[in-house]
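Summary of structural features
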Amino acid sequence: MNAVVPSRKLPKVRLATTSLAGCFGCHMSFLDIDERLFALIERVEFDRSPLTDIKHCGPCDIGLIEGGICNAENIHVLHEFRRNCKVLIAIGACAVNGGLPAQRNHLDLGLCLQEVYLTGLGVVGGQIPNDPELPLPLDKVYPIHELVRIDYFIPGCPPSGDAIWKFLTDLLDGRTPRLGHPLLHFD
Ligand code: SF4
């Protein structure tokens, strides 16, 4: 009788994702790979991500960061990802260069807070939030490469599902990721 040879399964790649000063649009685009998620889940297991209930990023192969840095908690999470992820990827315009949220960089933060919470149209008896639980906003919105080393950048607002799929499969197959012209855009 032939011995039963167990099928050799490759160990799964561990992937963490997070949204810092992002809009979750890059995560929605990630989900736009649609049924290819089934193929992905055969090769990848998720660590901390908005798609899981894991609260802190543990040791991972790949970290995907959406969004720039706009407050103290973003800095904390970004450093946690950099410490734990072998490959860290900035996904989307916000992570790459601050994106639309960085349009506030030419405004005075104090005046913005005053207008939104104290003097804006329709605000009555307002108060600038001061609970110590709230992360302090930064003076500006920063792209993530200004704080930590980033291994790859995927532009686009958001990058398409096809671009994310091509990028990830290149990486998982051991190729240098290349999007090529049709998948590369900045809007
Ligand atoms: S790059 Fe665009 S889609 Fe992605 S988080 Fe920023 S605003 Fe949202």
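Nothing here was measured: the structure is a model prediction, and the numbers come from that model. (Residues numbered from 1 in each chain as written. Predicted model: local features only at pLDDT ≥ 70, side-chain atom pairs only at ≥ 80, totals over all residues. Heavy atoms only, no water.)

Right, let's get into the packing of helix H2 (residues 36-43) against helix H6 (residues 161-172). At a minimum axis distance of 12 Å, the contact between H2 and H6 shows a crossing angle of 25°. Accordingly, the angle class assigned to the pair H2 and H6 is roughly parallel. Every pair of crossing elements has a handedness; the one defined by H2 and H6 is left-handed. Touching Arg36, Ala39, Leu40 and Arg43 of H2 are Asp162, Trp165, Leu168 and Leu172, all from H6. (Axes fitted to C-alpha atoms, helices over the stretch in contact; angles between N-to-C directions. Helix = DSSP H or I, 4+ residues; strand = E, 2+ residues; numbered from the N terminus. Parallel < 35°, antiparallel > 145°, perpendicular 65-115°, else oblique. Left-handed = near helix turned anticlockwise from the far one by under 90°. Contact = heavy atoms within 4.5 Å.)

The strand order across the open sheet built from five strands is S2-S1-S3-S5-S7, with neighbouring strands paired in parallel fashion. Across the chains shown, the open sheet's two edge strands, defined by having one partner strand only, are strand S2 (44-46) and strand S7 (152-154). Neighbour-to-neighbour, the strand axes of this sheet turn through a mean angle of 30°, independent of strand direction. Where strand S1 (residues 13-19) and S2 come together, three bridges link them in parallel fashion. The residue bridging Leu15 from the neighbouring strand is Phe46, located in S2. Most of the contacts of helix H3 (residues 72-84) go to strand S5 (residues 85-91), to which it runs at about 135°, and overall it touches S1, strand S3 (60-66) and S5. (Pairing = 2+ DSSP bridges.)

We now examine the UniProt feature "domain: NADH:ubiquinone oxidoreductase-like 20kDa subunit" (unreviewed entry) in the chain. In this numbering, the UniProt entry assigns the feature "domain: NADH:ubiquinone oxidoreductase-like 20kDa subunit" (unreviewed entry) to residues 23-170. Along residues 23-170 the backbone is 36% helical and 20% strand, and the end-to-end C-alpha distance reaches 26 Å. (UniProt positions renumbered as here; feature names shortened; annotations may be inferred.)

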